[in-house]
Amino acid sequence: MSSSLRFTTADVEALPDRLDDTRYELIDGELSVAKQPHWAHQYVSFRLAAAIEAWSRQTGRGVANIAPGVIFSSEDDVAPDVVWISRERRARGLRADGKLYAAPELAVEVLSPGRTNERRDREVKLKLYAREGVEEYWLVDWRARTVEVYRRSGDLLQLAQTLTDADTLASPLLPGFAYPVRDLWEPALD
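Attention in this report is confined to the structure presented alongside it. Note that this is a predicted model, so its numbers are computed, not measured.

So, how was this worked out
- Per-chain numbering applies: the sequence of each chain, read as written, is numbered from 1 onward.
- Where local features are concerned, this predicted model is filtered to residues with pLDDT of at least 70; where side-chain atom pairs are given and counted, the filter is 80 or more; whole-chain, interface and lining totals use all residues.
- Based on all heavy atoms of the structure, the side-chain values leave hydrogens and waters out of the count.
- Helical segments are the DSSP runs of H or I of at least four residues, strand segments are the runs of E of at least two, and each set is numbered from the N terminus.
- In this scheme, a residue with accessible area under 20% of its type's maximum is buried, one over 50% is exposed, and one in between is partly exposed, where area comes from a 1.4 Å probe on protein chains only.
- Surface accessibility in these figures is a Shrake-Rupley result with a 1.4 Å probe; residues are shielded only by whichever protein chains are displayed.
- When the centres of two rings from Phe, Tyr and Trp lie within 6.5 Å, Trp using its six-membered ring, the rings pair. Their planes under 30 degrees apart give stacked, over 60 give edge-to-face, and anything left gives tilted.
- Whether two residues are in contact is decided by their heavy atoms: any pair within 4.5 Å suffices.
- A pair of strands is considered paired only if DSSP assigns at least 2 bridges between the two.
- Place the viewer so that the strands point away; then a crossover is right-handed whenever the path from the first strand over the helix to the second strand goes clockwise.
- Throughout, nonpolar core names a set of buried Ala, Val, Leu, Ile, Met, Phe, Trp, Tyr and Cys residues whose side chains join them through atoms within 4.5 Å.
- Expected helix span is taken as 1.5 Å per residue step, with the number of steps being one fewer than the number of residues.
- What we call the bend at a residue is the angle made by axes fitted to the seven residues finishing there and the seven residues starting there.

Some words on the overall build of the protein chain
Phase 1 of the analysis: A count of helices and strands for the protein chain gives four helices and 12 strands.
Phase 2 of the analysis: Burial statistics for the protein chain: of 190 residues in total, 43% are counted as buried.
Phase 3 of the analysis: Surface summary for the protein chain: the accessible area is close to 10600 Å², and the carbon and sulfur share equals 50%.

Below is the structure:
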């Protein structure tokens, strides 16, 4: 008989403060610790969040944010790289501690190097976001220069399309939003 240690949000909050911006996430009570992301990872997150936020300001439909705390339960506490949440869900889900306690309509993860990180984003978080009510999940791979778009189909998030540099990122969640995939990547320095 084996037993594994399960963590809660309270356990993570009790950890000593770190100076190196270590990111802690919980999924089904399993603690994941991530190092500071790669420059290109952060660049893509910023570009995407800025584009979605510009659309949000024009339409007044919601707000985008970078790596907010999203607490689904005491054992499911994550920080997606980018989220978009409607004004209505935000009003219900944002609490005084500055964390969301409701699923954003859109969650975006930018893949970090490593098999464990990739498995967490491609499998574990995909299942978590589907279970918790995220409507759309974008998985961005800055090394392959692709965006996988997963959309809700019943209880699941299913791959709807894989976009490359020749494509434009759009979503029924964000009517009128259109962003060329090629503009996500940092230009080459001469």
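Some points on the packing of aromatic side chains
Phase 1 of the analysis: This model, assessed by the stated rule, comprises five aromatic pairs.
Phase 2 of the analysis: Considering the side-chain rings of Tyr 129 and Tyr 137, the 5.1 Å spacing of their centres and the 70° angle between planes classify their relative orientation as edge-to-face.
Phase 3 of the analysis: Overall, the relative accessible area of 1% leaves Tyr 129 in the buried class.
Phase 4 of the analysis: Taken together, a centroid distance of 6.0 Å and an interplanar angle of 35° make the contact between Tyr 137 and Tyr 150 tilted. Linking Tyr 137 in strand 8 (residues 136-141) with Tyr 150 in strand 9 (residues 146-153), this pair joins segments that are 13 residues apart in sequence. Pair check on accessibility: Tyr 137 and Tyr 150 agree, each one buried.

Describing the environment of Thr 164
Phase 1 of the analysis: Residue position: Thr 164 is located in the loop between strand 10 (156-163) and strand 11 (168-169).
Phase 2 of the analysis: Here the alpha-carbon distance between Thr 164 and Ala 144, two residues 20 residues apart in the chain, equals 8.7 Å.
Phase 3 of the analysis: When sequence neighbours within four positions are dropped, the list of residues in contact with Thr 164 reads Arg 145, Thr 146 and Val 181.

Some thoughts on the pairing of strand 8
Phase 1 of the analysis: Along strand 8, six of the six residues are buried, which leaves the element largely enclosed by surrounding structure.
Phase 2 of the analysis: Burial along strand 8 is two-sided: the face carrying Glu 136, Trp 138 and Val 140 and the face carrying Tyr 137, Leu 139 and Asp 141 are both buried.
Phase 3 of the analysis: Examined bridge by bridge, strand 7 (residues 106-110) and strand 8 share five bridges and lie parallel to one another. If you follow Val 110 over to strand 8, its bridge partner there is Val 140.
Phase 4 of the analysis: The parallel pair strand 7 and strand 8 is bridged by helix 4 (residues 115-132), and the resulting crossover is right-handed.
Phase 5 of the analysis: With six bridges connecting them, strand 8 and strand 9 associate as antiparallel partners. Among the inter-strand pairings, Asp 141 is bridged to a residue of strand 9, identified as Thr 146.
Phase 6 of the analysis: Once strand 8 ends, the chain turns through four residues before running back antiparallel as strand 9, passing Arg 145 with a positive phi of about 60°.

Comments concerning the nonpolar core
Phase 1 of the analysis: In terms of nonpolar packing, the biggest core is built from 26 residues, with Ile 52, Trp 138, Val 147, Leu 169 and Phe 177 touching the most fellow members.
Phase 2 of the analysis: Within the residue set of this core, elements represented by two or more residues are helix 2 (39-59), strand 6 (82-86), strand 7, strand 8 and strand 9.
Phase 3 of the analysis: Take this core: its biggest share by element is seven residues, from helix 2.
Phase 4 of the analysis: Membership of the second largest hydrophobic core comes to 18 residues, among which are Ala 103, Leu 111, Leu 126 and Tyr 129.

As for helix 4
Phase 1 of the analysis: The end-to-end C-alpha distance of helix 4, which contains 18 residues, comes to 24 Å, matching closely the 26 Å that a straight helix rising 1.5 Å per residue would cover.
Phase 2 of the analysis: If you look at helix 4, its biggest bend is around 35°, right at Lys 125.
Phase 3 of the analysis: The set of residues buried in helix 4 consists of Arg 120, Asp 121, Lys 125, Leu 126, Leu 128, Tyr 129 and Ala 130.
Phase 4 of the analysis: Backbone geometry just downstream of helix 4 places Gly 133 in the positive-phi region, at approximately 105°.

Just geometry here; none of it tells us what the structure is for.
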